[in-house]
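Examining the three-dimensional arrangement
Residues per chain, in single letters:
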Amino acid sequence: MKPASTLSSAFLTPGGQSLPQPLLDLRAQRGTALADMPLPTRKTENWKYSSRHLKLSEELASALPTSGKCGPALAVPGYHVVFHNGVIVPEACELPDQSGITIQPFAELDDSLAAELAERLDNTLDAEAAQLARLNSARFEDGLYIRLAPDAVLDQPLFIISQTDASCSGSAYPRLYVDAGRHSQLTLVEEYISSGDQPALVNAVSEFTLAEGAQVTSVRLSAEGENVQHVGATGVRQQAHSRFDSHCVGFGGPMRRHDLQVRLEQSGANCRLNGVVVTQGQQHYDNHTVIEHVAPHCDSEETYRNIAAGQSHAVFNGRIHIHQDAQKSNANMSNKNLLLSTGAEIDTKPELEIYADDVKCAHGATIGQLDKQSIFYLVSRGVSRHEANTLLTMAFINELVQQIPVESVRETTQIRLNQFFETTFEEA
Amino acid sequence: MLSIKNLHASVEGKEILKGINLEINPGEVHAIMGPNGSGKSTLSQVLAGNEAYEVTSGEVLFNGENLLDKETEERAREGIFLAFQYPVEIPGVSNLQFLRTAVNAKRKHLGEPEMNAAEFMKLAREVSKQVDLNPDFLKRGVNEGFSGGEKKRNEIMQALLLQPKLAILDETDSGLDIDALKVASDGVNALRSADRAILMVTHYQRLLNHIVPDHVHVLAGGRIIKSGGRELALELEEKGYGWLGIKDEDDAPVAG
């Protein structure tokens, strides 16, 4: 048997050294640990459908240049932090000036805070389920550390714009850590975009810890170009009565993967995970979610919708794990899928693992096509086929789009969706 | 206005229409009656352009042009309207959005300016009252959670909005109680005009008490076997389809 391949040494060689020592140490340690990690193949269960799309060629190993010009000024209203190829651009940021809210680039942390953070990084993510999140820990050159003191409430959403400038080939490793104190509240928007047309890899990791009663809304928009592979992970740990709301919107690419892992660790914690993915052409998108019901009396509600056109491929793998002590858990998972062409493929796998005996747990997965009767009904009123297809496809995801609590993200999403409809449903 | 000549059509390889001939002039109201399975709904679907039905021979001219060559949406924009027997529920698409898209598609086709959201809302509210539908229906998904009667009234409302040249009503009376039948019929009667024709397809006679036809045709086995005036419907009511030597699969009385 051919030995499993591992990451080349070039991939394990981090760039930029301008981080506090404890974080440099962590990075080196993770790099060493990764040297023997076999890369996922199609025999790796949770990479079954995606391993062949992941192309970690040598040209991607080097970090994308972080100096040089930042992209065009972004017209982002309100608070925002800009990552350029994985490194924060301080002059492009606008931060809140509110007591109890501290937002700092990793590079600016003092050694004691950095040591504290180094202890916590990766603690929200299961290394086996999200192997490549560890690559980020071996490579990040900067990151954003957000701390909310107890009762602190950020008064408007904070946008994290992560732009990848792929004028040359290489990779970027944006990192985020959110520590939400007791009863604090935060809405955070992560937008992943790119410019340039050279092959690039974005390996982004975001972590959230929610103390008792904290409420965090996370919006994640993945919309990089056709030359960019994106392998991202989000880890969440929740204490009593905290609430985590997630809205993920993903547009396909050559390789797109998002692992979302939520641990409900104390009773009364609850989460809602919404996801919308659209793919076309030869694109690929893979969502892997894990909800760990560790404590009793926690609720989770998960709704993901995939739409695949052309020859594209979408994957949803949703795991709910109800631990033995997690009595009175309430877990709902729905995954509906829409195939817009005969060449498209969607693979969906709900995985329920239940060890408690007094729980409510429901899941449903469907795959279908646009309903011919509905199309006929619409066109029999003079509506064009293009418009009928668009209306029906939008109807499939509209509810989830409308639930995104940030208007500008809803607008951006709609604009991108309109482009998708425009190219998918060409006028006959 | 509409001229059907020797029309044959089949669905899934089975021939349903076996040579239909029919002439409809502007201002006329025609009723096609027949037992279940006679081909009534097939005729409506073929005229509206449902691709599930294949026309195997024959010709249909609409205002002198070959109707069968035109796409479904084009037929609609040029004035064909089909009120469905079973209107489709489309959750997630609001009635208002759907109706405005339809009205504007037609206006654009006719070279008229499109209506903006406010103008359309005003018009739609007025028309919804005409068929006794609460304007709140406009905000809901197309036919989503509507009762049978509400769906049928929504169909008539669409006809009133789109002002077709030929309105085809497929079993518009089925599933309606007496009051709803009255409202729907009033809506249809409001459509009657010298330059518009109406083709009603029905199993029962009762609709014809409210919308009085100029011509009645009996369809059986995919052919029109008898045509006459209003009195033909009354005669059918009295004697049943058996009178014409037709077996009604339902064995139901013709009067509703």
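Definitions and cut-offs
- Residues numbered from 1 in each chain as written.
- Chains lettered and ligands numbered in written order.
- Predicted model: local features only at pLDDT ≥ 70, side-chain atom pairs only at ≥ 80, totals over all residues.
- Heavy atoms only, no water.
- Axes fitted to C-alpha atoms, helices over the stretch in contact; angles between N-to-C directions.
- Helix = DSSP H or I, 4+ residues; strand = E, 2+ residues; numbered from the N terminus.
- Parallel < 35°, antiparallel > 145°, perpendicular 65-115°, else oblique.
- Contact = heavy atoms within 4.5 Å.
- Nonpolar A, V, L, I, M, F, W, Y, C, P; charged D, E, K, R; others polar.
- Disulfide = S-S within 2.5 Å.
- Domains from an automatic or database assignment.
- Buried area = accessible area lost by both parts, 1.4 Å probe.
- Salt bridge = Lys/Arg side-chain N within 4 Å of Asp/Glu carboxyl O.
- Polar contact = N/O pair within 3.5 Å; in protein donor to acceptor, adjacent residues only side chain to side chain.
- UniProt positions renumbered as here; feature names shortened; annotations may be inferred.

1. Here we look at the packing of helix α1 (residues 21–34) of chain A against helix α2 (residues 111–120) of chain A
All names here are of chain A. Axis separation between α1 and α2 bottoms out at 7 Å; the angle between their running directions is 30°. Between α1 and α2, the angle falls in the class roughly parallel. For the pair α1 and α2, contact is made by Gln-21, Pro-22, Leu-23 and Leu-26 and by Asp-111, Ala-114, Ala-115, Leu-117 and Ala-118, respectively. Its residues assigned to classes, the contact of α1 with α2 shows seven nonpolar, one polar and one charged.

2. Remarks on the state of the cysteines
Scanning all chains against the criterion turns up zero disulfides over all chains. Cysteine A:Cys298 is unpaired, with the sulfur of A:Cys271 as its nearest cysteine sulfur at 8.7 Å.

3. Notes on the domain arrangement of chain A
Residues and elements named next belong to chain A. Under the domain assignment, chain A is made up of domain 1 (9–266) and domain 2 (370–428). Computed from C-alpha atoms alone, the centre-to-centre distance between domain 1 and domain 2 is 31 Å. The interface is formed by twelve residues belonging to domain 1 together with ten residues belonging to domain 2. Buried surface at the junction of domain 1 and domain 2, summed over both partners, amounts to about 900 Å²; 80% is from carbon and sulfur atoms. Of all residues in domain 1, Leu-221, His-247 and Phe-251 bury the most surface against domain 2, accounting for 47% of the area lost on that side. Between the two partners, domain 1 and domain 2, sit zero salt bridges. On inspection of domain 1 and its partner domain 2, the count reaches one residue pair in polar contact (both at pLDDT 80 or more). Those elements giving two or more residues to the side of domain 1 that touches domain 2 turn out to be β8 (185–195), β10 (215–222) and β12 (243–251). Of the residues in the side of domain 1 that touches domain 2, the class split is eight nonpolar, three polar and one charged.

4. Looking at the environment of B:Ala9
With respect to the helices, strands and loops of the structure, B:Ala9 is situated in strand β1 (residues 2–11). Separated by 30 residues in the primary sequence, B:Ala9 and B:Gly39 have C-alpha atoms spaced 9.5 Å apart.

5. Concerning the UniProt feature "domain: ABC transporter" (unreviewed entry) in chain B
In this numbering, the UniProt entry assigns the feature "domain: ABC transporter" (unreviewed entry) to residues 2–246 of chain B. A distance of 27 Å separates the end C-alpha atoms of residues 2–246 of chain B, which is 36% helix and 29% strand.

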